[in-house]
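Observations on the model geometry
Now for the letters of each chain:
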Amino acid sequence: MADPFLYDTGERSRYGCLGHEVQIEHIKAYVCRPSFFTDKAVIVIHDIFGWLFPDIRYIVDLIAGHGYITICPDFFKGTDPWKTTDHWADFADWMKNHDPMKVDKEADVVLKYLKEQCGAQKIGIVGFSWGGMAVHHLMLKNPQLTAGVSLYGIIRDSEERYNLLNPTFFIFGEKDHTISHDQITLLEEKLKQYCRVAYKIKVYPGQVHGFAQLKPEDMKPDDKPYIEEARKDMIDWIKMFI
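Quick summary incoming for the structure in this document. These figures come from a predicted structure and were not determined experimentally. (Residues numbered from 1 in each chain as written. Predicted model: local features only at pLDDT ≥ 70, side-chain atom pairs only at ≥ 80, totals over all residues. Heavy atoms only, no water.)

1. Quick notes on the pattern of salt bridges
All chains considered together, the criterion is met by seven salt bridges. Lys 83 is the salt-bridge partner of Asp 86, the closest N and O atoms lying 4.0 Å from each other. Judged by relative accessible area, which is 23%, Asp 86 ranks as partly exposed. Taking relative accessible area as the criterion, Lys 83 reaches 34% and is therefore assigned partly exposed. Residues Lys 224 and Glu 228 are paired through a salt bridge, measuring 3.9 Å at the closest nitrogen-oxygen approach. Here Glu 228 and Lys 224 lie together in helix H6 (residues 224-241), a separation of four residues that amounts to about one turn. Through salt bridges with shared partners, a single network forms among Lys 202, Glu 229 and Asp 233. (Salt bridge = Lys/Arg side-chain N within 4 Å of Asp/Glu carboxyl O. Buried < 20%, exposed > 50% of the residue type's maximum accessible area, 1.4 Å probe, protein only. Helix = DSSP H or I, 4+ residues; strand = E, 2+ residues; numbered from the N terminus.)

2. Digging into the packing of aromatic side chains
A complete count under the given rule lists 14 aromatic pairs for this structure. Relative to Trp 88, the ring of Trp 82 has its centre 4.9 Å away and its plane inclined at 35°; by these criteria the two rings are tilted. Each of the two residues, Trp 82 as well as Trp 88, counts as buried. Between Trp 82 and Phe 91, the aromatic rings sit 5.2 Å apart at their centres with planes inclined by 90°, giving edge-to-face as the arrangement. Neither residue differs from the other here; Trp 82 and Phe 91 are each classed as buried. Within the aromatic cluster, the residues linked to one another by ring pairs are Phe 76, Trp 82, Trp 88, Phe 91, Trp 94 and Trp 130. Over the ring of Phe 169 we find Lys 200, and its NZ or CZ is 4.9 Å from the ring centre. (Phe/Tyr/Trp six-rings, centres within 6.5 Å; stacked < 30°, edge-to-face > 60°. Lys NZ or Arg CZ within 6 Å of the ring centre and 35° of its normal.)

3. A look at unusual backbone geometry
A positive phi is found at Glu 25, a non-glycine position, where the angle reads about 50°. When you line up the elements, Glu 25 lands in the loop between strand S1 (20-24) and strand S2 (27-32). The phi dihedral of Ser 129 falls on the positive side, at around 60°, and the residue is not glycine. Within the fold, Ser 129 resides in the loop between strand S5 (122-128) and helix H4 (130-141). Residue classification places Ser 129 among the buried residues on the basis of a relative accessible area of 6%.

4. Observations regarding the nonpolar core
Within the largest apolar cluster, 83 residues are counted, with the highest numbers of intra-cluster contacts made by Ile 43, Leu 114 and Met 234. A per-element tally of this core places H6 first, with seven residues. If sequence neighbours within four positions are ignored, Leu 114 has contacts with Ala 41, Ile 43, Ile 69, Ile 71, Gly 119, Ala 120 and Ile 123. (Core = buried A, V, L, I, M, F, W, Y, C linked by side-chain atoms within 4.5 Å. Contact = heavy atoms within 4.5 Å.)

5. Looking at the pairing of strand S4 (residues 69-73)
A large share of S4 lies buried, amounting to five of its five residues. Bridge count for S2 against S4 is four bridges, and the pairing is antiparallel. Bridging from a neighbouring strand, Cys 32 pairs with Thr 70 of S4. Of the strand pairs in this sheet, strand S3 (residues 40-45) and S4 are connected by three bridges, and their pairing is parallel. Bridging from a neighbouring strand, Val 42 pairs with Thr 70 of S4. For the segment spanning S3, helix H1 (residues 54-64) and S4, crossover handedness is right-handed. (Pairing = 2+ DSSP bridges. Right-handed = clockwise from strand over helix to strand, strands pointing away.)

The structure is reproduced here in structure tokens:
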């Protein structure tokens, strides 16, 4: 099986996080708050590399810097994330125990925490790859989420995946070999047919899977404009609805 994560996860600059870790019932989470009070929050769902991965914590801090209480829970509930040393032949078995459509209980726990402990009233959600699939699922199921952004992750094996409850933005890389152009076209056609809320689909030229979560020092110069554009688009969508 080809490695579907083409960005180099092995060479990462160290990252000094701006937030802190908390325990919420059975889940650990990384939280970063803006310097001022806000009743707006964003949940970030990590990719297969988990909640400790430096890139995802950078994204949490980035979103918090735009004025949102931002939290990345460990949706793997203490089990091992996928590691760069794991064998891709074992990936299907690993996914059976890490189903992105079985995140509802954890999402409810985090929503309760944000409302009761942080005073959040409007809550959005952003997810990357595995987390993008989880966002797609939750935007079909959980009306408490005001808006969502799914980055290179979609549910493919259900006919009931187009009736989104609230505004959702789907971000893709043109050269993502895990999600084909035909799948994106089908998503667009079906959303046009079934979706009754605002949605957006955008494909970024020349970009591979995982492109939008790189820290600045890990970006390639040719990719940087598209990464920054995707980030701006993500934040703009959040600001529009949350």
